Every structure is written in C-alpha cells, then in structure tokens.
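Read off the chains here:
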Amino acid sequence: MTRTAWGWGLASVDEAGTVLDVWYPQLTVGQAPSEGEQPAHSFGDLASQTFDARGVKRQPVFTVSDFDEPVRDAADAYLRLHALSMRLALPNSINLDGIFGSLANVVWTNCGPFPVANFANRRLEFMASMARAGLPANNVTVLAIDKIPRMVDYVVPTGVRIANADRVRLGAYVAPGTTIMHEGFINFNAGTLGTSMVEGRISQGVVVGDGSDIGGGASIMGTLSGGGKHRVTIGEHSLLGANAGIGISLGDHCVVEAGLYVTAGTKVTLYDKEKVAQGLPLEIVKGAELSGKNNILFIRNSVTGAIEARHRASGIELNADLHKN
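Definitions and limits used
Residues numbered from 1 in each chain as written. Predicted model: local features only at pLDDT ≥ 70, side-chain atom pairs only at ≥ 80, totals over all residues. Heavy atoms only, no water. Helix = DSSP H or I, 4+ residues; strand = E, 2+ residues; numbered from the N terminus. Buried < 20%, exposed > 50% of the residue type's maximum accessible area, 1.4 Å probe, protein only. Contact = heavy atoms within 4.5 Å. Areas by Shrake-Rupley, 256 points an atom, 1.4 Å probe, with all protein chains shown as cover. Pairing = 2+ DSSP bridges. Axes fitted to C-alpha atoms, helices over the stretch in contact; angles between N-to-C directions. Phe/Tyr/Trp six-rings, centres within 6.5 Å; stacked < 30°, edge-to-face > 60°. Lys NZ or Arg CZ within 6 Å of the ring centre and 35° of its normal. UniProt positions renumbered as here; feature names shortened; annotations may be inferred. Expected span 1.5 Å × (residues − 1).

1. Brief notes about the overall build of the chain
Helices and strands together make up the secondary structure of the chain, namely four helices and 26 strands. Residues counted as buried form 45% of the 325 residues belonging to the chain. The contacts in the chain between residues at least 6 apart in sequence include a share of 48% that link residues at least 24 apart. Of the roughly 15,300 Å² of accessible surface on the chain, a fraction of 50% belongs to carbon and sulfur atoms.

What follows is the structure, encoded as structure tokens:
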C-alpha cells in the first residue's frame, strides 16, 4: 500500500489564524508532485482574501500526508479523515496520533463553520449581512460544537444509505451496501467493510465485516477515552443483537443475543451437550479467551442466569433487496 496521499483543499481560517476545517474534493494516493509540478486548484471564487461576517476566510492549501507519521496540523488531519471516508485507507491503517491536538473546536452550523469565541455576536452580524444583501435573514442553526464534523458535508460515498447524517462523523469508512438507520452511529476511524446493517453504535477503531448486523441500541467498546487497548472487530455474517454489547471481537458467523453484554472479563460457560447429558461440569472461561473465534452463539441461560457460549453452524443472511443502495 502506498503510504502517501495529497491534494488541494479549501481551508476555513478565522481572524486568529486558526484553521476551522479543510475540504478536499478529491485526493490522490501516491508520490506527491514537486512544488513546481503541482496541478492548479479549481476553487475559483470560493477562495477569498477577506473575512466574511462569520470572521472566516477561505484559502486553498496543498497538503501532503505521510500516513506513517503523526498528524502535523489541521490540514493534515482533515486529509487523513477524508482519505478514510473516501475509502482510500482502511480504519486503523494510518497514523492518527496527535489528531485531537491539531483540530480546533468549532461551531458547526447550516451556514458553515464559526469560531466558538464571540459566536453570538458573529451570528447576529452574519444574519444582518444576509439582510443587507437582500437575502432572507434566516436564523443560523447550530448543528454541533465539536472538533470533527459530519461526514456528508465533506464526503458523500456511493452505494450507501444514511438515515441521519448527524450520526456519521468525517473519517468514517462506509462500504458500499451499508445501510445506517436513524439511531446508527459510526465514529471516525471505524466502519464497515461490506454490506451491513447498522442500527447501533460503531465506536472509534471498530471494524465490521461483510454481511453483519449491528442491532438497534447495540454498543461496541472503543478505545478513545479510558478504554482498553484491544480494537474490537466483528467478522462476516455476524449479529450483535438489539441492546447488546461487546468488548471482545467476534469472528465469522457469531451471534450475541439481544440485551447481552460480553466483555473481556465476563465469565462464560462453554456449553457442551454431551457433558450436560453425562452430568459433567462445564468449563468456564473469560470472554477474552473467545475473542475473535468463529461460529459462537452467546446467550444468557434464562434458568440459571449464566452466560453461555454455544456452537452455531452458520451465520446470518441480510435482506439483499434492502441493501441495494
């Protein structure tokens, strides 16, 4: 894999010189051209030398990212997030060290990014400038206050359905055939590798394999804040049931029943029909010992309350018509 990507971006810069965001319409993977051979950008009148009523101007920037090196600045950070959402790099395949320190906290609105400082006055001035221009002075709606914006305002991947755009961050990797329902969520540096149904939460660093289903309200442990070091993966044709959760990886053809949470330290009974028939004791292991194993059904025994792991011969099959996006 080539470990360099480059392209022209349009940066939003505030009066203090802080880069609020950078939009890259397209990126190229490979060796970057020398300074004298760089292609011209095509932003035209979108670029400006003066600050608008938001206190923001837009400047073209040429950025080269070495995916093996830590993030240098905001332009580099945005290029890497774009590369993930453009499917030019898989989750967990590029270095994102230093990304939060490189990104500014921004007021994201229906009228573009605003600096957080003095936002109330800037909103009034922006609305007044619209009125002076003879345009409707509609209210500026705040969508979020965050370091990372919505993906769809920068990258719109083909072959997917996203019911609620607020719940997919820039830097999410969303493979063709993926359907993300209204309560589904995908963080940056996480996503799906094939046809998938997402009705639950895919945390940072988590990767979901082809043909798998993340049920409504389901949760997958990430590693961003206070979590462990293990990056959870889900294999192919597996199901994380509604309101279930995992802190271990699932292999192929696995199911976690609705409402069950399995972590690395969870005590799991290995169900064996022959041992049960003979009255022999069943082996109990920690969830970590089953991490990544194939063909497992995780259930809670409704009589004893014990969490059990049982063999499952085959995986789930998604509705093919539903995922023809």
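2. Considerations on the sheet that holds strand β18 (residues 233–234)
Taken in spatial order, the four strands line up as β9-β12-β15-β18 in an open sheet, and their pairing is parallel. Edge positions in the sheet fall to β9 (172–173) and β18, since each has one partner strand and no second. Where strand β12 (residues 190–192) lies against strand β15 (residues 207–208), two bridges are found, and the strand directions are parallel. Among the inter-strand pairings, Thr192 is bridged to a residue of β15, identified as Val208.

3. Some points on the sheet that holds strand β6 (residues 112–115)
Spatial ordering of the open sheet is given by β6-β5-β7, a layout of three strands whose pairing is antiparallel. Unpaired on one side and paired on the other, β6 and β7 (142–146) mark the two borders of the sheet. Pairs of neighbouring strands in the sheet enclose a mean axial angle of 25°, with direction left out of account. With four bridges joining them, strand β5 (residues 106–109) and β6 adopt antiparallel strand pairing. Looking across to β6, one finds that Val106 is bridged to Pro115. Contacts from helix α3 (residues 119–132) reach β5, β6 and β7, with the element oriented near 135° to β6.

4. Digging into the environment of Ala11
With respect to the helices and strands, the residue Ala11 is situated in strand β1 (residues 4–14). In the structure, Ala11 is positioned 50 residues away from Val61 in sequence and 6.6 Å away in space, judged by C-alpha atoms. Every residue in contact with Ala11, bar those within four places of it in the chain, is listed here: Val19, Asp21, Val22, Lys57, Arg58, Gln59 and Val61.

5. Focus: the packing of aromatic side chains
For the coordinates displayed, the defined rule picks out seven aromatic pairs. Ring centres of Trp23 and Phe43 lie 6.3 Å apart, and the angle between their planes is 50°; this geometry places the pair in the tilted category. In this pair, Trp23 sits in strand β2 (residues 19–23) while Phe43 sits in the loop between β3 (28–29) and β4 (56–66), placing the two residues 20 residues apart along the sequence. Note on Phe114 and Phe119: the rings are 5.2 Å apart at their centroids and 85° apart in plane angle, and the pair reads as edge-to-face. The same class applies to Phe114 as to Phe119, namely buried. Site record: aromatic cluster; members linked through ring pairs are Trp6, Trp8 and Phe62. Over the ring of Tyr271 we find Arg310; its NZ or CZ atom is 3.8 Å from the centre of that ring.

6. What to know about the UniProt feature "active site" (unreviewed entry) in the chain
Sequence positions flagged by UniProt for "active site" (unreviewed entry) are, in local numbering, Glu199. Looking at the element boundaries, Glu199 is found in the loop between β13 (196–198) and β14 (201–202). Residue classification places Glu199 among the partly exposed residues on the basis of a relative accessible area of 30%. With near-sequence residues (within four places) excluded, Glu199 lies in contact with Met181, Glu183, Gly184, Asp213, Ile214, Gly215, Gly216 and Gly217.

7. Quick notes on α3
With 14 residues, α3 extends 20 Å from end C-alpha to end C-alpha; this agrees with the ideal 20 Å at 1.5 Å per step. At its buried positions, α3 is contacted by β5, β6 and β7. Gly134 lies just past α3 and shows a positive phi near 80°.

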